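Working through the structure, step by step
Listed here are the chains, written in short residue letters.
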Amino acid sequence: MDDIWCEVYRAANVLEAHSLKGMLESSRIPVRLQGESLSAAAGELPADVLEVGIWVPQSCLIPAARLLSAYEQAEQPGWCCPRCGEQNGAQFELCWQCGHDRDA
Ligand SMILES: [Zn+2]
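Rules of the game
- Residues numbered from 1 in each chain as written.
- Predicted model: local features only at pLDDT ≥ 70, side-chain atom pairs only at ≥ 80, totals over all residues.
- Heavy atoms only, no water.
- Helix = DSSP H or I, 4+ residues; strand = E, 2+ residues; numbered from the N terminus.
- Buried < 20%, exposed > 50% of the residue type's maximum accessible area, 1.4 Å probe, protein only.
- Contact = heavy atoms within 4.5 Å.
- Areas by Shrake-Rupley, 256 points an atom, 1.4 Å probe, with all protein chains shown as cover.
- Donors = N, O, S within 2.8 Å, 3.2 Å for Na, K, Ca; no water.
- Tetrahedral: all angles 85-135°; square planar, octahedral: opposite > 155°, others 65-115°.
- Pairing = 2+ DSSP bridges.
- Salt bridge = Lys/Arg side-chain N within 4 Å of Asp/Glu carboxyl O.

For the rest of this paragraph, the subject is the overall build of the protein. If you tally the helices and strands in the protein, you get three helices and five strands. From first element to last, N terminus to C terminus, the protein shows the α and β order β-α-β-α-β-α-β-β. Sorting the 104 residues of the protein into buried and exposed places 28% on the buried side. If you take every contact in the protein between residues at least 6 apart in sequence, the share linking residues at least 24 apart comes to 53%. Carbon and sulfur atoms make up 54% of the accessible area of the protein, which totals about 6,900 Å².

Around the zinc ion, the protein contributes the donor atoms C81 (SG), C84 (SG), C95 (SG) and C98 (SG), at 2.3 Å from the metal centre. Classification of the site at the zinc ion as tetrahedral follows from its four donor atoms and the range of 104 to 114 degrees in their angles at the metal. The sequence pattern describing where the donors of the zinc ion fall on their chain is C-x2-C-x10-C-x2-C. With C81 in the loop between β4 (79-80) and β5 (87-88) and C95 in the segment after β5, this residue pair connects regions lying 14 residues apart in the sequence. Classification of C81 by relative accessible area gives buried; the value is 3%.

Here we take up the pairing of strand β3 (residues 52-57). Residues in a regular strand point their side chains to alternate faces of the sheet. Of all six residues making up β3, five are buried, and the element is well covered by its neighbours. Across six bridges, the pairing between strand β1 (residues 5-11) and β3 is antiparallel. Each bridged residue has a counterpart across the sheet, and for E7 the counterpart in β3 is W55. The pairing of strand β2 (residues 32-34) with β3 spans three bridges and is antiparallel. Directly across from L33, in β3, lies its bridge partner I54.

Our next topic: the pattern of salt bridges. Taken as a whole, this structure holds three salt bridges when the rule is applied. Here K21 makes a salt bridge to E25, at a shortest N to O gap of 3.2 Å. Note that K21 and E25 are positioned in helix α1 (residues 14-26) at a spacing of four residues, about one turn of the helix. Its relative accessible area of 22% is what places K21 among the partly exposed residues. We classify E25 as partly exposed; its relative accessible area is 37%. Look at the salt bridges and you will find they share partners, linking E7, R10 and E51 into a network.

So this is what it looks like as structure tokens:
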């Protein structure tokens, strides 16, 4: 039975599209990417500047959108300072509380 497919998300580039596709497929949601083959065929623009549409069957639209919004929120994860346990934003290299180096 053929489902109706809907675009649930536009990835900023092919790499993001593939990582999202993998994430959705691991939740047993079938995914089609649209725009990827177009960019390859055009051969003029680098693949990483072309948006890629992520399409899912209509029956999977809601769980897919939920996963994608969780992905967007998790995209910039903070980090927990191993010394003092403070939560820091992803943009900070040092703990704002105790100055501990993130990568130390
Ligand atoms: Zn700290």
